[in-house]
Amino acid sequence: MDVVMVEQPLLSTLNQVMSVPDEMEKLLNAPTRSYVRDTKAMASTPADVKEYPSSYVFVLDMPGLKSGDIGVQIEEGNVLSISGERKREEQQQKQKEKENDEAEVKYLRMERRVGKFMRKFNLPKNANADAISAEYRDGVLTVTVQKVPPPEPKKPKTIEVKVA
């Protein structure tokens, strides 16, 4: 019986064609642009979270926004999502400049953050998702989530003992 030997280069070429190279796998599993954008938005929105006996309070600094630019939602039953967008300039401002034939504005330094922002918080089991309020005042958003009242302890039941 003759043994046929397959040349090594042919086998290695076949092996390379059949398997996905590491670079291709990295490209296929790379995070999407929206994921990266959302992650940056979440990282750059600091928040304070406080617990009181009857509620949880979330405080976020959002200077220069209108209340209509802020969204507060409950997702998946127990995730508090706070999002919004800070715009660079209003379109009306640009139109006014063009009407007045003023020169274009050139920024020398831009440090204030613009763009979308978002934060998500997993609410504890004792948070009442139906009792949430949000207040925006002086550039500070305060979201209050009431706690579910603890169940009342059961009173011991007294059973009368009869004498037979």
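Scroll up a little and you will see the structure.
Conventions and cut-offs
Residues numbered from 1 in each chain as written. Predicted model: local features only at pLDDT ≥ 70, side-chain atom pairs only at ≥ 80, totals over all residues. Heavy atoms only, no water. Helix = DSSP H or I, 4+ residues; strand = E, 2+ residues; numbered from the N terminus. Buried < 20%, exposed > 50% of the residue type's maximum accessible area, 1.4 Å probe, protein only. Areas by Shrake-Rupley, 256 points an atom, 1.4 Å probe, with all protein chains shown as cover. Pairing = 2+ DSSP bridges. Axes fitted to C-alpha atoms, helices over the stretch in contact; angles between N-to-C directions. Core = buried A, V, L, I, M, F, W, Y, C linked by side-chain atoms within 4.5 Å. Contact = heavy atoms within 4.5 Å. Patch = residues over 30% accessible without salt bridge, like charges linked within 9 Å, V, L, I, M, F, W, Y side chains within 5 Å. Salt bridge = Lys/Arg side-chain N within 4 Å of Asp/Glu carboxyl O. Phe/Tyr/Trp six-rings, centres within 6.5 Å; stacked < 30°, edge-to-face > 60°. Lys NZ or Arg CZ within 6 Å of the ring centre and 35° of its normal.

Caption draft 1: Expanded view of the overall build of the protein chain. What the protein chain contains, in helices and strands, is four helices and seven strands. Each helix and strand of the protein chain, placed in order from N terminus to C terminus, yields the pattern α-α-α-β-β-β-β-α-β-β-β. By the burial criterion, 18% of the 164 residues in the protein chain qualify as buried. For the protein chain, the computed accessible surface area is about 14,400 Å², with 52% contributed by carbon and sulfur atoms.

Caption draft 2: Molecular detail of the sheet that holds strand β4 (residues 79–86). Read across the sheet, three strands follow the order β3-β4-β5 without closing on themselves; strand pairing throughout is antiparallel. The two strands at the open ends of the sheet, each matched to only one other strand, are β3 (70–75) and β5 (115–122). Strand-to-strand, the axes of this sheet are offset by a mean angle of 15°, without reference to chain direction. Bridge count for β4 against β5 is eight bridges, and the pairing is antiparallel. Bridged to R86 within β5 is G115.

Caption draft 3: A look at the nonpolar core. If you look at the biggest cluster of nonpolar residues, it comprises 15 residues, and the most contacted ones within it are F58, M62, L80, I82, V143 and V145. Breaking this core down by element, the ones donating at least two residues are β2 (55–61), β4, β5 and β7 (140–147). Non-local contacts of L80, meaning those with residues more than four positions away in its chain, are made with F58, V72, Q73, I74, R119, K120, F121, L123, V143 and V145.

Caption draft 4: Structural view of the sheet that holds β7. Judged by pairing direction, the sheet is antiparallel, and its four strands sit side by side in the order β1-β2-β7-β6 without closing on themselves. The two strands at the open ends of the sheet, each matched to only one other strand, are β1 (47–51) and β6 (127–137). For this sheet, the mean inter-axis angle between neighbouring strands, taken without regard to orientation, is 15°. Examined bridge by bridge, β2 and β7 share seven bridges and lie antiparallel to one another. For V57, the partnering residue across the bridge sits in β7 and is T144.

Caption draft 5: Expanded view of a nonpolar patch on the surface. Among the surface-exposed residues, V105, Y107 and M110 lie close enough to one another that they form a single nonpolar patch of about 270 Å² accessible area. With respect to the element layout, V105 can be found in the loop between α4 (91–99) and β5. The partly exposed category is assigned to V105, whose relative accessible area is 46%.

Caption draft 6: Region of interest: the packing of aromatic side chains. Taken as a whole and assessed by the stated rule, the structure comprises one aromatic pair. Taking 4.8 Å as the distance between ring centres and 45° as the angle between the ring planes, the aromatic pair formed by F58 and F121 counts as tilted. Linking F58 in strand β2 with F121 in strand β5, this pair joins segments that are 63 residues apart in sequence. The ring of Y56 has K147 lying over it, and the distance from NZ or CZ to the ring centre is 4.9 Å.

Caption draft 7: Representation of unusual backbone geometry in the model. Phi at E76 takes a positive value of approximately 55°, unusual for a residue other than glycine. When you line up the elements, E76 lands in the loop between β3 and β4. Phi is positive for D138, which is not a glycine, with a value near 55°. Considering the arrangement of structural elements, one finds D138 in the loop between β6 and β7.

Caption draft 8: Inspection of the pairing of β3 at higher detail. With six bridges connecting them, β3 and β4 associate as antiparallel partners. From the neighbouring strand, E75 faces β4, where its bridge partner is V79.

Caption draft 9: Broad picture of the pattern of salt bridges. Per the counting criterion, the structure on display carries three salt bridges. In this structure, the salt-bridge partner of E75 is K120, at a minimum N-O distance of 3.3 Å. With E75 in strand β3 and K120 in strand β5, the pair connects residues that are 45 residues apart, well separated along the chain.

By themselves, these are just geometric observations and shouldn't be taken as functional.
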